[in-house]
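Working through the structure, step by step
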Amino acid sequence: MASLLNTLPSIRLANAKTNPSRHLTASIGTSIPLSLTRRRLTIKAAETDTNEVKPEAPDKAPVAGGSSFNQILGIKGAKQETDKWKIRVQLTKPVTWPPLVWGVVCGAAASGNFHWSVEDVAKSIVCMIMSGPCLTGYTQTLNDWYDREIDAINEPYRPIPSGAISENEVITQIWVLLLGGLGLAGLLDVWVGHSFPTLLYLALGGSLLSYIYSAPPLKLKQNGWLGNFALGASYISLPWWAGQALFGTLTPDIIVLTILYSTAGLGIAIVNDFKSVEGDRAMGLQSLPVAFGTEAAKWICVGAIDLTQLSVAGYLLSAGKPYYALALVGLIIPQVFFQFKYFLKDPVKYDVKYQASAQPFLVLGLLVTALATSH
């Protein structure tokens, strides 16, 4: 992976929206010989060290004087920032960590072996740090790196396409987060006394999935179905498996159930595709809104979310757990309400409102399912 990343030029992306076919510009110093071959730009600086790139504010921002809070979370409406550490945190998108942390909680609950002792709480916290800040941060930074050309069209103010952080700094962050996450996974295996390093292998598998999701030649995200299902599995199945393996044993029925639940994650992932239709179409990515159109994709999205949860409720009912099944149905109803109130009206305008309103009920449903499987 390092060889793939390090072959990319140290350049500054600018003016992509107005001229996406020629969006690579160099501003390194004087006497700069350039050679252009097959879209590959080679830059040699005569007087300036290209590895030392000072932070600069993005050329464009979605909102004048954006929010510092949004900037730290890595979401739309972020403030223009030059502090390198704040930019590093922004690349990891902390707003995406809670689902992974919650997945660990669900896995621990499903194991039936978690106890409110200092040791078990400490193990859980380490597992959450591995799943959230480290491996999700790695995934998000890697994804932004490989999406820098699309972001130059859709969101040219983001840290990488705007030039606010250098190539070497991004690559270093990717490796530090990846190795940190793998190291914590191995530590947990030793801590709980696994004879087989289950958590390390889960972390390796998840990291590989993240790489082939974002990076060529496979780049799963180019296909709306494969990419979004991989994303759903990463956010639901993998952290659940990690939490359950930490305190118990993964069983085939749990693996099947969580993979089924990942179809709901596919629906959640589609929500984020609507705001990127312009750039996805320009770059040839077949996201579902591009492939099927906005109207059809909206219904595919809500169908994946709702039908998956109803199927899980049916499974719980057939397993002799009617109260858990009823509780899950009760949590699906408000999700449907918010789908009609926000998402189906305008998936671009109301995407944040919809996710903030509906997703808490979905993640509570995950916990209900986890508790049901533990009894």
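A brief structural summary. (Residues numbered from 1 in each chain as written. Predicted model: local features only at pLDDT ≥ 70, side-chain atom pairs only at ≥ 80, totals over all residues. Heavy atoms only, no water.)

Here we look at unusual backbone geometry
Put simply, Pro216 and Pro217 share a cis peptide bond, and its omega is 10°. Relative to the helices and strands, Pro217 is located in the loop between α9 (198–214) and α10 (224–235). A positive phi angle, near 50°, is found at Lys93, a position not held by glycine. Note on placement: Lys93 falls in the loop between α3 (84–92) and α4 (97–111). Owing to a relative accessible area of 13%, Lys93 belongs among the buried residues under this scheme. Of note in this structure, Lys219 is not a glycine but carries a positive phi near 40°. For Lys219, the position within the fold is in the loop between α9 and α10. (Helix = DSSP H or I, 4+ residues; strand = E, 2+ residues; numbered from the N terminus. Buried < 20%, exposed > 50% of the residue type's maximum accessible area, 1.4 Å probe, protein only.)

Topic: a positive patch on the surface
Taken together, the side chains of Lys341, Lys345, Lys349 and Lys353 present a region of like positive charge at the surface. Residue Lys349 is classed as exposed on the basis of its relative accessible area, which comes to 59%. (Patch = residues over 30% accessible without salt bridge, like charges linked within 9 Å, V, L, I, M, F, W, Y side chains within 5 Å. Areas by Shrake-Rupley, 256 points an atom, 1.4 Å probe, with all protein chains shown as cover. Salt bridge = Lys/Arg side-chain N within 4 Å of Asp/Glu carboxyl O. Lys, Arg positive; Asp, Glu negative; His and termini not counted. Charge placed at Lys NZ, Arg CZ, Asp CG, Glu CD.)

Overview of the side chain of Lys221
Mapping Lys221 onto the fold places it in the loop between α9 and α10. Its relative accessible area of 15% is what places Lys221 among the buried residues. A polar side-chain atom of Lys221 sits 2.9 Å from a polar atom in the side chain of Asn143. Once you skip the residues sitting within four places of it in the chain, Lys221 turns out to touch Asn143, Asp147, Tyr213, Ser214 and Gly227. (Polar contact = N/O pair within 3.5 Å; in protein donor to acceptor, adjacent residues only side chain to side chain. Contact = heavy atoms within 4.5 Å.)

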